[in-house]
Amino acid sequence: MGIVVQKYGGSSVADAVGIKRVAQRIVNTKKQGHDVVVVVSAMGDTTDELRDLAEQVTPLPPPRELDMLLTAGERMSMALVAMAIAQLGHEARSFTGSQAGVITDSVHGKAKIIDIKPGRIEQALGDGAIAIVAGFQGVSQDTKDITTLGRGASDTTAVALAAALGAEVCEIYSDVDGVFTADPRIVKSARKLERVSTEEMLELAASGAKILHLRCVEYARRYDMPIHVRSSFSSLEGTWVIPDTEFAGEEMEQAIIAGVAHDRSEAKITVVGVPDKVGEAARIFETLAATEINIDMVVQNVSAAATGLTDISFTLPRSDGQNAMGALARLQSEIGYDRLLYDDQIGKVSLIGAGMRSHPGITAKFFSALASAGVNISMISTSEIRISVIVDEAQIDAAVQAAHTAFDLDAGEVEAVVYGGTGR
Ligand code: ASP
Ligand code: MG
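On a predicted model such as this, the values are computed, not experimentally measured, just so you know.

A. Quick look at the site of ligand 1. By nearness alone, every residue bordering ligand 1 is listed as Ser-41, Ala-42, Thr-47, Glu-74, Phe-136, Arg-151, Gly-152, Ala-153 and Ser-154. The separation between an oxygen atom of ligand 1 and a polar main-chain atom of Gly-152 is 2.8 Å. Calculation on ligand 1 without its partners gives an accessible area of 260 Å², and the protein chains cover 94% of this total. Taken together, the residues of the shell around ligand 1 sort by class into three nonpolar, four polar and two charged.

B. Geometry of the sheet that holds strand E16 (residues 309–317). As summarised here, the arrangement of the four strands in space is E15-E16-E14-E17, forming an open sheet in which the pairing is antiparallel. Of all strands in the sheet, those with a lone pairing partner are strand E15 (298–300) and strand E17 (339–343), marking the two edges. For this sheet the average axis-to-axis angle between neighbouring strands, irrespective of direction, equals 15°. Two strands pair when backbone bridges link them, and strand E14 (residues 266–275) and E17 are joined in this way by five bridges, in the antiparallel orientation. Pairing of Val-271 across the sheet is with Leu-340, part of E17.

C. Spatial organisation of the packing of helix H1 (residues 16–31) against helix H3 (residues 63–87). Here H1 crosses H3 at 60°, and the two axes come no closer than 9 Å. In terms of their interaxial angle, H1 and H3 are classed as oblique. Seen from above, H1 lies across H3 with right-handed handedness. Only Leu-80, Val-81, Ala-84 and Ile-85 of H3 make contact with H1, whose side of the interface consists of Ile-19, Lys-20, Ala-23, Ile-26 and Val-27.

D. Examining the side chain of Ser-11 more closely. Within the element layout of this structure, Ser-11 appears in the loop between strand E1 (3–8) and H1. Overall, Ser-11 belongs to the buried group, its relative accessible area being 12%. Among the polar contacts made by the side chain of Ser-11, one reaches the side chain of Asp-175 at a distance of 3.4 Å.

E. Representation of helix H12 (residues 396–406). Restricting attention to buried positions, one finds in H12 the residues Ile-396, Ala-399, Val-400, Ala-402, Ala-403 and His-404. On its buried face, H12 is in contact with strand E13 (259–263), strand E18 (346–352), helix H11 (362–372) and strand E20 (386–392). Phi for Asp-408, located one or two positions after H12, is positive at around 55°.

F. The packing of helix H2 (residues 46–57) against H3, seen in detail. It is at 9 Å that the axes of H2 and H3 come closest, and there the two elements cross at 150°. When the axes of H2 and H3 are compared, the pair comes out roughly antiparallel. Crossing geometry of H2 relative to H3 is assigned as right-handed. Here Thr-46, Thr-47, Leu-50, Arg-51 and Ala-54 of H2 lie close against H3, whose contacting residues are Leu-66, Leu-69, Leu-70, Gly-73 and Glu-74. Here the contact of H2 with H3 is composed, by residue class, of five nonpolar, three polar and two charged.

G. The arrangement of the environment of Ala-289 in detail. Turning to its location among the elements, Ala-289 is positioned in helix H8 (residues 280–290). Classification of Ala-289 as partly exposed rests on a relative accessible area of 49%.

H. Spotlight on the environment of Met-225. Along the chain, Met-225 falls in the loop between helix H7 (214–223) and strand E11 (227–231). Separated by 62 residues in the primary sequence, Met-225 and Ala-163 place their C-alpha atoms 6.5 Å from one another. Met-225 has contacts with Val-159, Ala-162, Ala-163, Ala-167, Glu-168, Val-169, Cys-170, Ala-220 and Val-241, leaving out every residue within four places of it along the chain.

I. Geometry of the environment of Gln-332. Along the chain, Gln-332 falls in helix H10 (residues 332–335). The spacing of Gln-332 and Val-271 is 61 residues in sequence and 9.8 Å in space, taken between C-alpha atoms. Aside from chain neighbours lying at most four places away, what touches Gln-332 is Tyr-337, Asp-338 and Arg-339.

J. Representation of the side chain of His-213 in the model. Topologically, His-213 is positioned in the loop between helix H6 (198–206) and H7. Discounting residues that sit within four places of it in the chain, His-213 has contacts with Leu-149, Arg-151, Gly-152, Ala-153, Asp-155 and Thr-156.

What counts as what
- Residues numbered from 1 in each chain as written.
- Chains lettered and ligands numbered in written order.
- Predicted model: local features only at pLDDT ≥ 70, side-chain atom pairs only at ≥ 80, totals over all residues.
- Heavy atoms only, no water.
- Near = heavy atom within 4 Å.
- Polar contact = N/O pair within 3.5 Å; in protein donor to acceptor, adjacent residues only side chain to side chain.
- Areas by Shrake-Rupley, 256 points an atom, 1.4 Å probe, with all protein chains shown as cover.
- Nonpolar A, V, L, I, M, F, W, Y, C, P; charged D, E, K, R; others polar.
- Pairing = 2+ DSSP bridges.
- Helix = DSSP H or I, 4+ residues; strand = E, 2+ residues; numbered from the N terminus.
- Axes fitted to C-alpha atoms, helices over the stretch in contact; angles between N-to-C directions.
- Parallel < 35°, antiparallel > 145°, perpendicular 65-115°, else oblique.
- Left-handed = near helix turned anticlockwise from the far one by under 90°.
- Contact = heavy atoms within 4.5 Å.
- Buried < 20%, exposed > 50% of the residue type's maximum accessible area, 1.4 Å probe, protein only.

Here is the structure:
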């Protein structure tokens, strides 16, 4: 039997009882004959608490020291899980990200994995031990400093390790039973997906579904690593996120729409009165790129013929909003735009499904469902398998519910149980 990588989120290891429950699950998997590698997140809200603590000491913690502090959360969990496994009579060895060979670039707070050298993990498995790895962290190749991979990135540690070890599957455990057709906190009748393609999962994660970290899905897709998303609080089968190729030839059976995702983390900036000439948009977005800000949707209005001016609107993470406004304000004399508008009372609602490719009329049905629910659309963007709209923040829930019902996604009876309440 092959290697199984299991990742347990913060709500699964929130306290001693949780840690013992998880240890039992790990031991059971080991007893079935698998080599087991476990990736853990920090207990409960530890990461937030550590960050708050840092902010009480200084409003601007040095990024290197903040990473050093935050990685302590995962170290607590890994040692406690290893102890709980020892108590059950099995050998477990815990490793920090650095010890596990997670090599990153040196961008503190959002480092990227550039290589994994899991020699010590393989050695532990070779000795018959269970390896426990601290998620969400690594070591910089250049500076040798400890780095973190971004909030929620223990998922990414798990899938990257699974790929490097050639594991059979990467199991991601949280406090919900899998991937649902919408957030069960908004749509009570959301349905659990048995299977979803990595392509669709990528769009769901990028559109705000928090169940999996976006980069972990990118890894899974690149390395064809199946992910099983499930709850550590139940023994139910969860959702299998599987390579797109396994759906080939099954288009007939595959649901047209996989789900509806929403995102409350974006803000919208409008640059009003931009001269409509070559190079202006490039200048605006180069400025934003230079400040490492990721842009999501972009809309440019038709130029008003009389004035030769146009408006450019885009969305970006709210957390980057003030930075972006500052950077653009410094550009005003250079570009000569009229003014900037900032709106963070917005939300994004996205409809995702590979079946859109071959079914016409999806956009019309989506928009008329929103219209019937009285939801006004302020921006639209699409990909081959996704339609996203920006709506008023107060209308997100109504929009998600309306789309879910319009595409017949509602389950007959309530399936969604949120065991811990955080979705981590
Ligand atoms: N503990 C980290 C966080 O809260 C990483 C994770 O949970 O995946 O973001
Ligand atoms: Mg998570």
